[in-house]
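Structural characterization, general
Listed below, chain by chain, are the residues.
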Amino acid sequence: MADLERVAPAFLPHRSETVRPVDWDLVQERLGIIFPADYREYTSHYPPLLIDDFLVILGPAPGQEEGYLEATLERLDELRGLAEDDMTEDYTFHPEAGGLFPWGSSSEGDLFFWRTTGSDPDKWPTVVYTSNFDWWEHDGGALSLVVGLIDQSVPHAGLPPQPRPNPTVK
């Protein structure tokens, strides 16, 4: 999270001084996965924020876990329909083994996922689906990808130029 705050200091005014008490036991039990540690840390300190009027890192909010669960399960059902229609380049979706699990979206219709391979969620790669119908992978996790997009160390393949260096955060 320090890297994110370094490349995007506009996050800092939104950071909760105390840990936001997300009921991770409920969320993880209902979804059947353990979330990566950096994501749990991020969502425990930040509400959903719009980065450069483009990207939102999705996550549960304290007391609103049921709404997050409902929306996530609904999105996974929709995505499985795309897979059944052969529109996902052989990617499958959670709860399939190695299935994609959504963690972010953009104002342009781009989607961001973890590929849930292996037993260590901190090693899950990220997968990007762009509104241009491109699919690509990044070896790092969600925050690694966001940092790389902001500092331009990760190509914006099929994505608009946002988020840019020193993005707005609201």
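Residues numbered from 1 in each chain as written. Predicted model: local features only at pLDDT ≥ 70, side-chain atom pairs only at ≥ 80, totals over all residues. Heavy atoms only, no water.

This paragraph deals with the environment of isoleucine 34. Residue placement: isoleucine 34 occurs in the loop between α2 (24–31) and α3 (37–45). With 25 residues separating them along the chain, isoleucine 34 and glycine 59 place their C-alpha atoms 13 Å apart. Ignoring sequence-local partners within four residues, the contact set of isoleucine 34 consists of Gln28, Pro121 and Trp124. (Helix = DSSP H or I, 4+ residues; strand = E, 2+ residues; numbered from the N terminus. Contact = heavy atoms within 4.5 Å.)

Here we come to the nonpolar core. Among the nonpolar cores identified, the biggest contains 48 residues, and Phe11, Phe35, Tyr42, Trp103, Phe112 and Phe113 are the most heavily contacted of them. The element best represented in this core is helix α5 (residues 142–150), accounting for 7 residues. (Core = buried A, V, L, I, M, F, W, Y, C linked by side-chain atoms within 4.5 Å. Buried < 20%, exposed > 50% of the residue type's maximum accessible area, 1.4 Å probe, protein only.)

On to unusual backbone geometry. For the bond from histidine 94 to proline 95, the omega torsion is 15°, close enough to zero to count as cis. With respect to the helices, strands and loops of the structure, proline 95 is situated in the loop between α4 (65–84) and β3 (100–106). Following glutamine 162, the chain continues into proline 163 via a peptide bond in cis, with omega recorded as -10°. Examined against the element boundaries, proline 163 turns out to sit in the segment after α5. Here the phi dihedral of aspartate 90 falls at roughly 70°; this positive angle occurs in a residue that is not glycine. Inspection of the secondary structure puts aspartate 90 in the loop between α4 and β3. Even without being glycine, phenylalanine 133 reaches a positive phi, approximately 70°. By secondary structure assignment, the location of phenylalanine 133 is in the loop between β5 (126–129) and β6 (135–138). Relative accessible area serves as the criterion here: at 57%, phenylalanine 133 is assigned to the exposed category.

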